[in-house]
Amino acid sequence: MYALIDVHKRYGLRTVALRKLNLEIRHREFFVLYGPAGAGKSTILNLIAGLTKPTSGDISRDGVSIAHLPPERRGAAMAFENYALYSHLSVAENLAFPLRAAGLDRSEIESRVKRIASVLGIPHVLDRRPGFLSGGQRQRVALGRAIIRPADIYLLDEPIGHLDAKLRHRMRAELKALAVEMNATVVFTTTSSKEALALGDRVGILNSGRLEQVGTPAELYNSPANTFVASFVGDPPMSFLSVTARRSSDGVKLYNGDGQAIASAPFDVLGRTALKAGLRSNAIQLVDAQTSGALKGSVQVVEHLGHSNIAVIAAGGDSIQVSLPADRRLKPGEPVGMIIDPRQIHLFADERALVGEHV
Ligand code: ADP
Ligand code: MG
């Protein structure tokens, strides 16, 4: 197990890349670090690999500090976002290079090169030099060079970020299968939330040098710790309504910006300010605008996704995304009603999730 303990990382005087970060990577897990550009993903990989040092804090492996060890003694293999290949060597020789350096025999090298080339979908270019490859092919060779040799941990920094959507989809499935087959410990970074959820045994969500939450995809989906995580996990993303909690003749209710009651409060939130109600599209039932007790709104846009459609409904200054069956027709401007299941409301105050006993 690799761990970052209270790691603070500054570049120069001004740039704080990581803030008191604590993170554990378990043996044999496929761990995905998700975050926008500049969040600190590459910095974390570089720290584990030993390519850069923490400003403060420690890095350990199975409980023993490795912060003082040089890169070659960290047991890490890394694939960079910006890759470099030997231009005078063929693809096969580029792939074989780390194995030769490790002293493997010829037949073993040959069979590994073949296996990796097939996983990466590049067996037909093994004899070419890098100058005769497309950008996507070069990226796959670079990735192959990182994963071809045995390592205690594989650090893959946006390794398929430059590939087109279809190839990316195929590659991520094969990478995951290969990692399982190799019993490998992998840290994989991405700026795609879909990719993170598809690949990660666990996912760490990084935002401006802070880990917002770490969990399995299901944990992140069911119990997001804050609105940043909530809006990242799920498709369509969670909608947020600004609400206030007030007592009514009928118990405590949540009211939107129009003063319309959206639902009963799922638990006691009287007196809380800066409240937001987070709704997944399946927590909302679309009904006729005249239905009593329904939250009234009007259709802004309908996005057609093929298998289903998403309607964006305006109500009380908020935009709410609702999934529709493919055969449900709605026109922009059309008035609609929404029934919201209070048990499926996620409540946030000051962007942090509130937890309470659902009544
Ligand atoms: P990510 O990989 O998530 O895009 P990085 O870890 O590369 O994020 O960068 C985190 C922050 O640190 C950014 O603000 C970036 O500009 C800064 N940074 C990264 N590397 C350096 C460096 N070598 N020198 C100065 N600032 C850096
Ligand atoms: Mg990066």
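Residues numbered from 1 in each chain as written. Chains lettered and ligands numbered in written order. Predicted model: local features only at pLDDT ≥ 70, side-chain atom pairs only at ≥ 80, totals over all residues. Heavy atoms only, no water.

Peer 1: Talk me through the overall build of the protein chain; I want residue IDs and the actual numbers.
Peer 2: Helix and strand counts for the protein chain stand at eight helices and 21 strands. Its C-alpha atoms put the protein chain at 80 × 45 × 35 Å along the principal axes. Residue pairs at least 24 apart in sequence account for 64% of intrachain contacts in the protein chain once pairs closer than 6 positions are excluded. Total accessible area computed for the protein chain in this model is approximately 17400 Å², and 50% of it derives from carbon and sulfur atoms. (Helix = DSSP H or I, 4+ residues; strand = E, 2+ residues; numbered from the N terminus. Contact = heavy atoms within 4.5 Å. Areas by Shrake-Rupley, 256 points an atom, 1.4 Å probe, with all protein chains shown as cover.)

Peer 1: I'd like a rundown of the sheet that holds strand β14 (residues 275–279), residues and numbers included.
Peer 2: Read across the sheet, six strands follow the order β13-β12-β11-β14-β20-β21 without closing on themselves; strand pairing throughout is antiparallel. Strands with a single pairing partner mark the edges of an open sheet, and in this sheet they are β13 (261–264) and β21 (352–353). Of the pairings in the sheet, the one linking strand β20 (residues 346–349) to β21 comprises two bridges and is antiparallel in character. The residue bridging alanine 349 from the neighbouring strand is arginine 352, located in β21. (Pairing = 2+ DSSP bridges.)

Peer 1: Hey, could you go over the packing of helix α2 (residues 91–101) against helix α3 (residues 106–119) for me, with residue numbers and the actual values?
Peer 2: As a packed pair, α2 and α3 sit with axes 10 Å apart at the nearest point and diverge in direction by 130°. Here α2 is positioned oblique relative to α3, judged by the angle of their axes. The two elements α2 and α3 meet at a crossing, and its hand is right-handed. The segment α2 lies against α3, with Ala92, Leu95, Ala96, Leu99 and Arg100 engaging Ile109, Arg112, Val113 and Ile116. By residue class, the composition of the contact of α2 with α3 is seven nonpolar, no polar and two charged. (Axes fitted to C-alpha atoms, helices over the stretch in contact; angles between N-to-C directions. Parallel < 35°, antiparallel > 145°, perpendicular 65-115°, else oblique. Left-handed = near helix turned anticlockwise from the far one by under 90°. Nonpolar A, V, L, I, M, F, W, Y, C, P; charged D, E, K, R; others polar.)

Peer 1: Can you break down the site of ligand 1 residue by residue, with the values?
Peer 2: Near ligand 1 the following residues occur: Tyr11, Thr15, Ala17, Pro36, Ala37, Gly38, Ala39, Gly40, Lys41, Ser42 and Thr43. Contact between ligand 1 and glycine 40: an oxygen atom at 2.9 Å from a main-chain N or O atom of the residue. A distance of 2.8 Å is found between an oxygen atom of ligand 1 and a side-chain nitrogen or oxygen belonging to lysine 41. Coverage of ligand 1 by the protein chains reaches 58% of its 570 Å² of free accessible surface. Mapped by element, the contributors of at least two residues to the shell around ligand 1 are β2 (15–25) and α1 (41–49). No other element matches the three residues that α1 contributes to the shell around ligand 1. Here the residues of the shell around ligand 1 are counted per class, giving five nonpolar, five polar and one charged. (Near = heavy atom within 4 Å. Polar contact = N/O pair within 3.5 Å; in protein donor to acceptor, adjacent residues only side chain to side chain.)

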